[in-house]
2 protein chains.
Amino acid sequence: AAVVRKKPRYVDLEKCIGCRQCEYQCPVLVPDEEQGGFAARKAIYIPFANAIPQKALVDASNCILCGRCARICPTKAVNYADQPEEITLRAATAIVATGYDVTPLRDKPQFGGGQLANVITAMQMERLLAPHGPYNRLLRPSDGKQPESVAYVQCAASRDRTVGIPYCSRVCCMYAIKQAMLISGALPLADVTIYYIDIRAFGKGYEQFFQNAQAMGIQFVKAKPAITGNTADGGVSLRYELQEGDGRIVTAEHDLVVLSLGLVPGWSPEGVCPLACGEDRFIKTVKPKLFPNLTDMPGVFVAGAAAGPKDIVDSIAEAGAAAMEASNYLTARPRPTAKAAG
Amino acid sequence: AAVVRKKPRYVDLEKCIGCRQCEYQCPVLVPDEEQGGFAARKAIYIPFANAIPQKALVDASNCILCGRCARICPTKAVNYADQPEEITLRAATAIVATGYDVTPLRDKPQFGGGQLANVITAMQMERLLAPHGPYNRLLRPSDGKQPESVAYVQCAASRDRTVGIPYCSRVCCMYAIKQAMLISGALPLADVTIYYIDIRAFGKGYEQFFQNAQAMGIQFVKAKPAITGNTADGGVSLRYELQEGDGRIVTAEHDLVVLSLGLVPGWSPEGVCPLACGEDRFIKTVKPKLFPNLTDMPGVFVAGAAAGPKDIVDSIAEAGAAAMEASNYLTARPRPTAKAAG
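Residues numbered from 1 in each chain as written. Chains lettered and ligands numbered in written order. Predicted model: local features only at pLDDT ≥ 70, side-chain atom pairs only at ≥ 80, totals over all residues. Heavy atoms only, no water.

### Details of a nonpolar patch on the surface
Piece 1. A surface patch of nonpolar side chains, amounting to about 210 Å² of accessible area, comprises A:Val4, A:Ile87 and A:Leu89.
Piece 2. Its location among the elements puts A:Ile87 in strand 6 (residues 85-89). (Patch = residues over 30% accessible without salt bridge, like charges linked within 9 Å, V, L, I, M, F, W, Y side chains within 5 Å. Areas by Shrake-Rupley, 256 points an atom, 1.4 Å probe, with all protein chains shown as cover. Salt bridge = Lys/Arg side-chain N within 4 Å of Asp/Glu carboxyl O. Helix = DSSP H or I, 4+ residues; strand = E, 2+ residues; numbered from the N terminus.)

### Focus: helix 6 (residues 312-332) of chain B
Piece 1. Over its 21 residues, helix 6 of chain B extends 30 Å from the first C-alpha to the last, a length consistent with the 30 Å expected when each residue adds 1.5 Å.
Piece 2. What helix 6 of chain B keeps buried is the set B:Val313, B:Asp314, B:Ser315, B:Ala317, B:Glu318, B:Gly320, B:Ala321, B:Ala322, B:Met324, B:Glu325 and B:Ala326.
Piece 3. Of the surrounding secondary structure, the elements contacted by the buried residues of helix 6 of chain B are helix 6 (312-332) of chain A together with strand 7 (94-96), helix 5 (206-215) and strand 18 (300-302) of chain B.
Piece 4. For helix 6 of chain B, the side-chain oxygen to backbone nitrogen distance between the N-cap and B:Val313 is 3.4 Å, and the N-cap itself is B:Asp311. (Expected span 1.5 Å × (residues − 1). Buried < 20%, exposed > 50% of the residue type's maximum accessible area, 1.4 Å probe, protein only. Contact = heavy atoms within 4.5 Å. Polar contact = N/O pair within 3.5 Å; in protein donor to acceptor, adjacent residues only side chain to side chain.)

### Some details on the nonpolar core
Piece 1. Of all hydrophobic cores here, the largest spans 72 residues; its most connected members are A:Met125 and B:Met125.
Piece 2. Ignoring anything within four residues of it in the chain, the contact list for A:Met125 reads A:Ile120, A:Leu138, A:Val150, A:Tyr152, A:Gln179, A:Ile183, A:Leu256 and A:Val258. (Core = buried A, V, L, I, M, F, W, Y, C linked by side-chain atoms within 4.5 Å.)

### So, the relation of the copies chain A and chain B
Copies of the same chain, two in number, are related to each other by a rotation about an axis and a translation along it.
Piece 1. Rotating chain A by 180° about the axis while translating it 0.0 Å along that axis superimposes it on chain B, leaving an RMSD of 0.0 Å. Both chain copies can therefore be described as sitting about a two-fold axis.
Piece 2. A shared interface surface links the copies, since 100% of the contact residues of chain A are contact residues in chain B too. (Least-squares fit on C-alpha atoms with pLDDT ≥ 70 in both.)

### Quick notes on the interface of chain A and chain B
Piece 1. Counting from both sides, the interface comprises 43 residues of chain A and, opposite them, 43 residues of chain B.
Piece 2. Between chain A and chain B, the buried area comes to about 3,500 Å², and carbon and sulfur atoms account for 51% of it.
Piece 3. The tally of links from chain A across to chain B stands at 8 salt bridges.
Piece 4. A salt bridge links A:Lys204 to B:Asp280; the nearest nitrogen and oxygen atoms lie 3.9 Å apart.
Piece 5. Run the count over chain A and chain B and you get 16 residue pairs in polar contact (both at pLDDT 80 or more). (Buried area = accessible area lost by both parts, 1.4 Å probe.)

### Details of unusual backbone geometry
All names here are of chain A.
Piece 1. Omega for the peptide link from isoleucine 52 to proline 53 comes to 0°, which places this bond in the cis form.
Piece 2. Even without a glycine there, the phi angle at tyrosine 10 is positive, about 65°.
Piece 3. Counting through the fold element by element, tyrosine 10 comes out in the loop between strand 1 (2-6) and helix 1 (21-25).
Piece 4. Of the residues examined, tyrosine 10 reaches a relative accessible area of 17% and is grouped as buried.

### Quick look at the sheet that holds strand 16 (residues 256-259) of chain A
Residue and element names in this part refer to chain A.
Piece 1. If you trace the 5 strands from one edge of the open sheet to the other, you get 9-16-10-11-12, paired in parallel fashion. Single-partner strands in this sheet number two, and they are strand 9 (119-121) and strand 12 (219-222). For this sheet, the mean inter-axis angle between neighbouring strands, taken without regard to orientation, is 25°.
Piece 2. Contacts between helix 3 (residues 122-129) and the sheet are confined to strand 9, strand 10 (149-153) and strand 16, with strand 9 contributing the most and set at about 85° to the helix. (Pairing = 2+ DSSP bridges. Axes fitted to C-alpha atoms, helices over the stretch in contact; angles between N-to-C directions.)

### Overview of the packing of helix 3 (residues 122-129) of chain B against helix 4 (residues 172-186) of chain B
Packed helices, taken two at a time, are described by the angle their axes make and the gap between the axes.
Residue and element names in this part refer to chain B.
Piece 1. Running from N to C, helix 3 and helix 4 cross one another at 35°; their axes reach a closest spacing of 11 Å. The crossing of helix 3 and helix 4 is left-handed. Between helix 3 and helix 4, the contacting residues are Ala122, Met125, Glu126 and Leu129 on the first element and Tyr175, Lys178, Gln179, Leu182 and Ile183 on the second.
Piece 2. Class assignment of the residues belonging to the contact of helix 3 with helix 4 gives a composition of 6 nonpolar, 1 polar and 2 charged. (Left-handed = near helix turned anticlockwise from the far one by under 90°. Nonpolar A, V, L, I, M, F, W, Y, C, P; charged D, E, K, R; others polar.)

### Quick look at the packing of aromatic side chains
Piece 1. Applying the stated rule across the entire model yields 15 aromatic pairs over all chains.
Piece 2. Between A:Phe38 and A:Tyr135 the ring centres are 6.1 Å apart and the planes differ by 40°, which places this aromatic pair in the tilted class. Taken as a pair, A:Phe38 in the loop between strand 2 (30-31) and strand 3 (40-41) and A:Tyr135 in the loop between helix 3 and strand 10 lie far apart in primary sequence, 97 residues in all.
Piece 3. Ring plane angle 70° and centroid distance 5.5 Å describe the contact between B:Tyr167 and B:Phe282, whose orientation is recorded as edge-to-face. Note that B:Tyr167 is positioned in the loop between strand 10 (149-153) and helix 4 and B:Phe282 in the loop between strand 17 (263-265) and strand 18, a separation of 115 residues in sequence. (Phe/Tyr/Trp six-rings, centres within 6.5 Å; stacked < 30°, edge-to-face > 60°.)

### Structural notes on the domain arrangement of chain A
Residues and elements named next belong to chain A.
Piece 1. For chain A, the domain assignment lists domain 1 (2-88), domain 2 (101-263) and domain 3 (266-332).
Piece 2. Computed over C-alpha atoms, the centres of domain 1 and domain 2 are 35 Å apart.
Piece 3. Facing 6 residues of domain 1, the contacting portion of domain 2 comprises 9 residues.
Piece 4. Together, Gln35, Gly36 and Phe38 form the three largest contributors to the area buried by domain 1 at its contact with domain 2, with a combined 75%. (Domains from an automatic or database assignment.)

### Here's the deal with the sheet that holds strand 15 (residues 249-254) of chain A
Residue and element names in this part refer to chain A.
Piece 1. Strands sit in the order 13-14-15 across an open sheet of 3 strands; the sheet is antiparallel. Two strands in the sheet have a free side with no partner beyond their single neighbour: strand 13 (226-230) and strand 15. Along the sheet, successive strands turn relative to each other by an average axial angle of 25°, direction set aside.
Piece 2. Note that strand 13 and strand 14 (residues 236-241) share 4 bridges and pair antiparallel. From the neighbouring strand, isoleucine 227 faces strand 14, where its bridge partner is leucine 238.

### Observations concerning the pairing of strand 14 (residues 236-241) of chain B
Residue and element names in this part refer to chain B.
Piece 1. As consecutive antiparallel partners, strand 13 (residues 226-230) and strand 14 are separated by 5 residues, and within that stretch glycine 234 has a phi angle of approximately 90°, a positive value.
Piece 2. As judged from the 6 bridges shared by strand 14 and strand 15 (residues 249-254), these two strands associate in the antiparallel manner. Each residue of the ladder has a partner; that of arginine 239, found in strand 15, is threonine 251.

Spelled out as structure tokens, the structure:
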């Protein structure tokens, strides 16, 4: 059996009509993590533009209990007394698909340690480029300047024992190339440079995508730079040893630097269930070559980035394989009696 | 319905007892493709050391019909009059899992065009390193010398529009590293060099494996060499532009050169069924991101290297996903009536 803790929403879903009156009235401003921290949101809010359902929730850790939202709500949906709920699920099998997280910027002094406004993560760039992005265009966070030069630092916290992430994060090459092409589309005059160790364009059509990016004029430089600080005009200065050509030490400046950070597990089974993890802290697969979905707990399967960094296509293929394993497990074992399942 | 053509074996499986008397008597010697062409086999033979069943078959294209095998056979199992058989399978769904092939060496003049004895394919090296290999040790094919210096040329026919294979073959980096480590184990004094463009060590544990290879002393050189010919002592000479350091043109010599050839489809649906292929000639997946197993024929799914280059782990995950899709397809559609199913 699995116990799920449902957090209180402090808004009655039946009553809320998504009119956003509460959001307009709320006096609190919080950096919006859904926008990479670039825009602000209220303490009562509809979480993001295409959230389903389009209904409000209260972020209790930021709410100041001023009561304005409750007063303005036309359907009296706000309920500060809402309590967490424990739901017990009885299941004969389970699939762990807990996704990934990126390494926090503050751990990496060689990449600015999160202290330089114009050194952002690729997830933040994803927001800057998104149709519902914070600025509706690509602007540099520190001063709203349209960047003339954008650089990507690949393996910013991957393939690097010094930061505790010796493995390849598998998806960074391709998302950096995708974003670089979107940037070139949005700002045709901007220079885009990708600093890389190896371009891992391994999937179907990936190599061609990489070649298209080169043909579009995106620069690829084999080197792993360190960030040395801000320039006078708010740009970012880098230093690296060139791995191509004459191998000299180069200093470069860019208006905006994007870090392709490593992928780390989104969840740990510690204290929740006795699932084993590998040295890399991802869920351990006990027969990784023959049964990539098998964990060390019978009946518990794993799929996607819970078992290691993985792109969308591979995650979907693995989800299908995990569903098949779970289905096989259910049909192979004796059905639980009504009492045992009770 | 699918029509399967079963080739004649010319040996009665019921009668054959696997005694190999026929094989010993047969006067024909044919290069054994199961041994990378390095050893010879007979025209009647048990296909390979761990074939199941351990029963003989006749290779009709090389048999000279001398009759010796039929005369020696203690159970009278040889039957030269055996005929091909057509078997009709009725199936409601099918999974295409037709694997891959490697590009033929003769197409690549820049890699010796298959004319240099000591330029071999990685599949041939796999045989040289195998427990049931042709020499039981690692020897150079031309003269049986124990090689002191072995080189791998990565992307020998991949990532290269000039040879018609623009895509990455996905598995070559890791098999080359695996083989290089086995070579270092078998011949501790030999130098092993891997010429590469990018090391694509993208899977779980792959980066660590790559680092172990570097720690073992395997040399990695970023360059794509061309083979210029044989040296006086039977070695192979290469020429390449160094992509690291000072970018100069380098000439090198190795006792044995292994080509990491590109992966191409193992089968074409042309003339068999109307399945669509992509530009790369692999089976086309119509919704590659969301349903990696879907082809353009309803009820026909694809898995593994039939849809593009893929390693063992990813092929197995895809096989599971394809099985699930096929099972969903079977349960979602109305069951065929007894009459329709014929």
